[in-house]
Amino acid sequence: SSGINAEYGGGPLNETYYESLAEQRREALEAVIEENEELCQKIEILDISLSEATKRAEEAEYQITELKSQLSQTKADTSGPDLDISQEEKSEIKNLLTSE
């Protein structure tokens, strides 16, 4: 047993070194775990923001589609007067307008 301790530098000094190394690694691990928890929280917040932004974008696209539909309907409605006149009356009006 004393040969193994001598070979690997065992003894009280070596135990202190490994205890110190273990403590440094524990502290580093705690810091990494804390950072990971913070990053997880940020990801959750970003996921919520993305979801809300996507929903608003979809609502905006729907509103644009509705407005385009209303606009095309308005254009169709105003493309010409919707008068209840016969073809004969239309021809007569056309002749009157072009004869001047």
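Cut-offs and rules
Residues numbered from 1 in each chain as written. Predicted model: local features only at pLDDT ≥ 70, side-chain atom pairs only at ≥ 80, totals over all residues. Heavy atoms only, no water. Helix = DSSP H or I, 4+ residues; strand = E, 2+ residues; numbered from the N terminus. Buried < 20%, exposed > 50% of the residue type's maximum accessible area, 1.4 Å probe, protein only. Areas by Shrake-Rupley, 256 points an atom, 1.4 Å probe, with all protein chains shown as cover. Salt bridge = Lys/Arg side-chain N within 4 Å of Asp/Glu carboxyl O. Phe/Tyr/Trp six-rings, centres within 6.5 Å; stacked < 30°, edge-to-face > 60°. Patch = residues over 30% accessible without salt bridge, like charges linked within 9 Å, V, L, I, M, F, W, Y side chains within 5 Å. Lys, Arg positive; Asp, Glu negative; His and termini not counted. Charge placed at Lys NZ, Arg CZ, Asp CG, Glu CD. pLDDT = per-residue confidence, 0-100. Contact = heavy atoms within 4.5 Å.

Scanning the protein chain from terminus to terminus reveals three helices and zero strands. For the protein chain, the succession of helices and strands along the chain, N to C, is α-α-α. For the protein chain, with 100 residues in total, the buried portion stands at 1%. Entry remark: accessible area of the protein chain is about 9600 Å², with carbon and sulfur atoms responsible for 55%.

What follows concerns the pattern of salt bridges. Applying the stated criterion to the full structure yields two salt bridges. When the shortest N-O distance is used, the salt bridge between Arg26 and Glu23 registers 2.5 Å. You can see Arg26 and its partner Glu23 sitting in helix α2 (residues 12-78), three residues apart, about one turn around the helix. Overall, the relative accessible area of 37% leaves Arg26 in the partly exposed class.

To continue, consider the packing of aromatic side chains. All told, the structure shown has one aromatic pair when counted by the stated rule. Each ring, one from Tyr17 and one from Tyr18, has its centre 5.1 Å from the other, and the planes form 70 degrees; the classification is edge-to-face. Looking at Tyr17, the relative accessible area reads 49%, which means it is partly exposed. Classification of Tyr18 by relative accessible area gives partly exposed; the value is 46%.

Moving on to a negative patch on the surface. There is a patch of like negative charges on the surface, built from Glu34, Glu35, Glu37 and Glu38. With respect to the helices, strands and loops of the structure, Glu37 is situated in helix α2.

This part is about the confidence of the model for the protein chain. Counting all residues, the mean pLDDT for the protein chain is 83, and 79% of those residues have values of 70 or more. At the level of individual helices and strands, the protein chain shows its lowest average pLDDT in helix α1 (residues 2-7), which scores 48, and its highest in α2, which scores 92. Confidence over residues 1-6 falls short of pLDDT 50; this stretch has one contact with residues more than four positions distant or in other chains.

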